[in-house]
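Observations on the model geometry
So the chains spell out like this:
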Amino acid sequence: MGWPGTAGAPDDASDGALARRAASGDRAAEEALCRRFRPRIRLYGLRHLRDEAAAADLAQDVLVAVIARLRAGAVREPDRLASFVLSTCRQVAGSAVRTERRREALLAAEPLPAPHDPPAEPLPRDRLARCLEALAARERAVVVATFYAEQPAQAISRDHALSEGHVRVLRHRALRRLRACLGLEEAAG
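Notes on the structure follow. (Residues numbered from 1 in each chain as written. Predicted model: local features only at pLDDT ≥ 70, side-chain atom pairs only at ≥ 80, totals over all residues. Heavy atoms only, no water.)

Quick look at the overall build of the protein chain
The helix and strand tally for the protein chain stands at eight helices and zero strands. For the protein chain, the N- to C-terminal ordering of α and β elements is α-α-α-α-α-α-α-α. If you sum the accessible surface of the protein chain, you get close to 12900 Å²; carbon and sulfur atoms cover 54% of it. (Helix = DSSP H or I, 4+ residues; strand = E, 2+ residues; numbered from the N terminus. Areas by Shrake-Rupley, 256 points an atom, 1.4 Å probe, with all protein chains shown as cover.)

Given below as structure tokens:
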């Protein structure tokens with residue numbers, strides 16, 4: 001679908017006329033808009049992003065977004081298309097800058113500590129039995145039900161008349177006490 005009397009959309013048509021034609025699905029109008037705005041968007045990108053590749057990416061991303069919005073009929077004022085394109089440039093460039101800053105902050109952050117390695121030798125059964133006996137009756141019941149009977153918190157809560165949250169708290173406290181008793185971590189209050 002071209003302009004009447006021409007093979008494609010004329011480059012001297014107004015932004016609004018091209019936008020309306022592009023919104024109706026005219027590929028030649030879309031191409032004319034891209035030819036018209038790509039250099040402007042690229043210059044905006046060079047000024048604000050200070051990188052040729054980032055400026056080229058910005059031009060591509062903005063043009064794709066603008067054409068998609070035109071096709072969807074989401075551009076309310078086609079005669080003010082230049083303002084819409086500039087606003088889209090600001091949004092996309094700002095997002096790119098924020099993303100790059102987050103990436104740099106993550107790369108500059110301290111590395112995560114190495115995961116805790118389990119002991120090389122298995123724990124002595126008698127020592128583990130003494131530590132289990134030292135636990136309160138409810139804590140011991142929850143640990144045994146969790147790790148020996150392999151019951152989920154829901155079943156343990158039903159069997160022992162406890163809420164699921166209380167089962168998880170008891171299990172957490174019991175494991176902390178077991179680790180301290182076994183010498184795997186310092187005892188916490």
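A look at the state of the cysteines
Such a bond, covalent and formed between the sulfur atoms of two cysteines, is termed a disulfide. Throughout the structure, instances matching the rule amount to one disulfide. Note that Cys131 is cross-linked by a disulfide to Cys181, the S-S spacing being 2.0 Å. Measuring the twist about the S-S bond at about -80°, one finds the Cys131-Cys181 disulfide to be left-handed. In this pair, Cys131 sits in helix α5 (residues 125-134) while Cys181 sits in helix α8 (residues 164-181), placing the two residues 50 residues apart along the sequence. Residue classification places Cys131 among the buried residues on the basis of a relative accessible area of 3%. (Disulfide = S-S within 2.5 Å. Buried < 20%, exposed > 50% of the residue type's maximum accessible area, 1.4 Å probe, protein only.)

Observations regarding the packing of helix α1 (residues 15-23) against helix α2 (residues 27-49)
One way to put it is that α1 packs onto α2 with a least axis distance of 8 Å and a crossing angle of 140°. When the axis of α1 is compared with that of α2, the two are oblique. The way α1 lies across α2 gives a crossing that is left-handed. For the pair α1 and α2, contact is made by Asp15, Leu18, Ala19, Arg21 and Ala22 and by Ala29, Glu30, Ala32, Leu33, Arg36 and Phe37, respectively. For the contact of α1 with α2, the per-class residue count stands at seven nonpolar, no polar and four charged. (Axes fitted to C-alpha atoms, helices over the stretch in contact; angles between N-to-C directions. Parallel < 35°, antiparallel > 145°, perpendicular 65-115°, else oblique. Left-handed = near helix turned anticlockwise from the far one by under 90°. Contact = heavy atoms within 4.5 Å. Nonpolar A, V, L, I, M, F, W, Y, C, P; charged D, E, K, R; others polar.)

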